[in-house]
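# Analysis of the macromolecular model
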Amino acid sequence: MPRPNFSKQAAPPQSAPASDPQYAWPPGWSFARFRTATREDLAALPADELARMRAGLRHVLGEDGVGRLAQHLFQEQQQQQQQQQQRQSRRKVEGSSSSSSPSPSSSPLRDLIAPNWLKHWSRRRKGQAWGFVGFVAAGEARRAELEEEVRRIVDVRFDGAGSELPECRDARTKFEIRWVEDDGAIAADADALRERYAKLRPDLPSGLAQELFLCATPEAVDSVLTPDTADRPAALPKWWRADAPFLVAVAADSDPGLEEGHEERGWFRPVFKVAAETLVEELWWLLDSGIMPLRRITRYTRGYGELGRQAESDSDDLDEIWWTMSPSPERLKKRRRIREGLLTAC
């Protein structure tokens, strides 16, 4: 699927490159048809074609590009509405009523534009508090700064794709990291924190009672408050940055729930780093939707044996910080080199 060109001087591309069939437009579709599609048009598409078109847009444009596309389409709708009202005013037709163009939230393209986390929140948690519980050491001198900076990072993501949708503004006000003070175990004992979380969890809103909780370990606090300028999250972040600000995620249950010897036991990371800027758009909805167990979410991330101590691993194909379920560019390069080596050997 080619990148749509929003410039008036260039016509939008009409077909996908033959070399990228995974993201091709559905048969008979183009950007021009997508731009004017009705709900009936989208509903008539087979589910796999609709999913491929959605994936293609996100693959080509990225989340922020999809947000810009949504804004562009909304501006087009507003212009069409103004032109229609001007025509009706000139005609001075008595009793006529001006029909309004759809708002972003009612547009037939809304389900393709809205990011996954927002679609999930609107379906299951709309109007409810959502987010995570976070433990912070009692007496942490920088606690206020930490909470403020983590919130700033989160708000950057709310300003991204889907921010023009009314439900995004509502979701933004409902999101929280519910910080809980700990008396000292936060830097040493994950099981002690699990016990505390188990006591808190039954009384939490369902959108906060996730299968893991967050910890502001001393290392994590340093990463949030003293990042290099190049690593400070911005509106257009570069993912998989080695020194990105992070919090430590701890599974509520240290048992992956599989028998000894099962392949997926080795994927489970009961303690791992998570990039702070992915809490909203990646980690939360994967956990809350229950579409996959935690062991699959953490499969490609390097874990920690205990809080603050990195686990030993015989694999160099693991990400230091969890960003998303998608493979990192470095991991893709390694896979490509392996495939090329095998082909050369043959």
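Residues numbered from 1 in each chain as written. Predicted model: local features only at pLDDT ≥ 70, side-chain atom pairs only at ≥ 80, totals over all residues. Heavy atoms only, no water.

## Some points on the environment of Lys174
- In this fold, Lys174 is placed in helix α7 (residues 166–174).
- Taking the relative accessible area as the measure of exposure, Lys174 reaches 30% and is therefore partly exposed.
- Between the alpha carbons of Lys174 and Gln128 there is a distance of 6.4 Å; along the sequence they are 46 residues apart.
- Beyond its immediate sequence surroundings of up to four residues, Lys174 is in contact with Trp121, Gly127, Gln128, Ala129 and Trp130. (Helix = DSSP H or I, 4+ residues; strand = E, 2+ residues; numbered from the N terminus. Buried < 20%, exposed > 50% of the residue type's maximum accessible area, 1.4 Å probe, protein only. Contact = heavy atoms within 4.5 Å.)

## A closer look at the packing of helix α5 (residues 116–125) against helix α10 (residues 279–289)
- Running from amino to carboxyl end, α5 crosses α10 at an angle of 40 degrees, the nearest separation of the two axes being 9 Å. Considering their axes alone, α5 and α10 lie oblique with respect to each other. The hand of the α5/α10 crossing is left-handed. Two secondary-structure elements touch here, α5 through Asn116, Trp117, His120, Trp121, Arg124 and Arg125 and α10 through Val280, Glu281, Trp284, Trp285, Asp288 and Ser289.
- Per-class residue counts for the contact of α5 with α10 are five nonpolar, three polar and four charged. (Axes fitted to C-alpha atoms, helices over the stretch in contact; angles between N-to-C directions. Parallel < 35°, antiparallel > 145°, perpendicular 65-115°, else oblique. Left-handed = near helix turned anticlockwise from the far one by under 90°. Nonpolar A, V, L, I, M, F, W, Y, C, P; charged D, E, K, R; others polar.)

## Some details on the nonpolar core
- The biggest cluster of nonpolar side chains holds 61 residues, and the ones touching the most others in it are Trp117, Trp130, Phe132, Leu212, Leu214 and Leu283.
- Ranked by residues supplied to this core, first place goes to α10 with seven residues.
- The contacts of Leu212, once residues within four sequence positions are left out, are Phe132, Tyr197, Ala249, Val250, Ala251, Ala252, Phe272, Leu283, Leu287 and Leu294.
- In this structure, Trp25, Phe34, Met53 and Val60 belong to the second largest nonpolar core, which totals 13 residues. (Core = buried A, V, L, I, M, F, W, Y, C linked by side-chain atoms within 4.5 Å.)

## Observations regarding the sheet that holds strand β1 (residues 130–137)
- The strand order β2-β1-β3-β4-β5 describes an open sheet built from five strands, whose pairing is mixed. Every other strand in the sheet has two partners, leaving β2 (175–182) and β5 (271–275) as the edge strands with one partner each. Each strand axis lies, on average, 35 degrees off the axis of its neighbour in the sheet, ignoring direction.
- One ladder, built from five bridges, connects strand β4 (residues 246–251) with β5; its direction is antiparallel. Paired with Val250 across the bridge in β5 is Val271. (Pairing = 2+ DSSP bridges.)

## A few points about α10
- Counting buried positions along α10 gives 11 out of 11 residues, so the element sits mostly inside the fold.
- The complete set of buried residues in α10 reads Leu279, Val280, Glu281, Glu282, Leu283, Trp284, Trp285, Leu286, Leu287, Asp288 and Ser289.
- One or two positions beyond α10, positive phi appears at Gly290, with a value near 65 degrees.

## Quick notes on the packing of aromatic side chains
- Using the criterion set out here, one finds 10 aromatic pairs in the structure.
- Plain terms: the ring middles of Trp117 and Phe158 are 5.4 Å apart, the flat faces sit at 75 degrees to each other, and that makes the pair edge-to-face. Of this pair, Trp117 sits in helix α5 while Phe158 sits in helix α6 (residues 143–158), and the two are 41 residues apart along the sequence. With respect to burial, Trp117 and Phe158 carry one shared label: buried.
- Judged by centre distance (4.6 Å) and plane angle (65 degrees), the ring pair of Trp130 and Trp284 falls under edge-to-face. With Trp130 in strand β1 and Trp284 in helix α10, this residue pair connects regions lying 154 residues apart in the sequence.
- The aromatic ring of Trp267 is capped on one face by Arg299, whose charged end is 3.8 Å from the ring centroid. (Phe/Tyr/Trp six-rings, centres within 6.5 Å; stacked < 30°, edge-to-face > 60°. Lys NZ or Arg CZ within 6 Å of the ring centre and 35° of its normal.)

## Comments concerning the pattern of salt bridges
- Considering all chains together, one arrives at 20 salt bridges under this definition.
- A salt bridge links Glu149 to Arg152; the shortest N-O distance between them is 3.1 Å. Of this pair, Glu149 and Arg152 both sit in helix α6, three residues apart, which is roughly one turn of that helix.
- A residue is classified by how much of its surface remains accessible, and Glu149, at 12% relative accessible area, is buried.
- Classification of Arg152 by relative accessible area gives partly exposed; the value is 29%. (Salt bridge = Lys/Arg side-chain N within 4 Å of Asp/Glu carboxyl O.)

## Describing the environment of Thr173
- Tracing the backbone through its elements, the reader meets Thr173 in helix α7.
- For Thr173, a relative accessible area of 60% gives the class exposed.
- Spatially, the C-alpha atom of Thr173 lies 9.8 Å from that of Trp130, the residues being 43 residues apart in sequence.

## Here's the deal with the confidence of the model for the protein
- Confidence in the prediction of the protein, expressed as mean pLDDT, is 77, and 66% of residues score 70 or more.
- When the criterion is pLDDT under 50, residues 1–19 qualifies, and its contacts beyond four places in sequence or with other chains add up to 39 contacts.
- Counting contacts from residues 96–106, a segment whose pLDDT is below 50, to residues more than four positions away or on other chains yields 22 contacts. (pLDDT = per-residue confidence, 0-100.)

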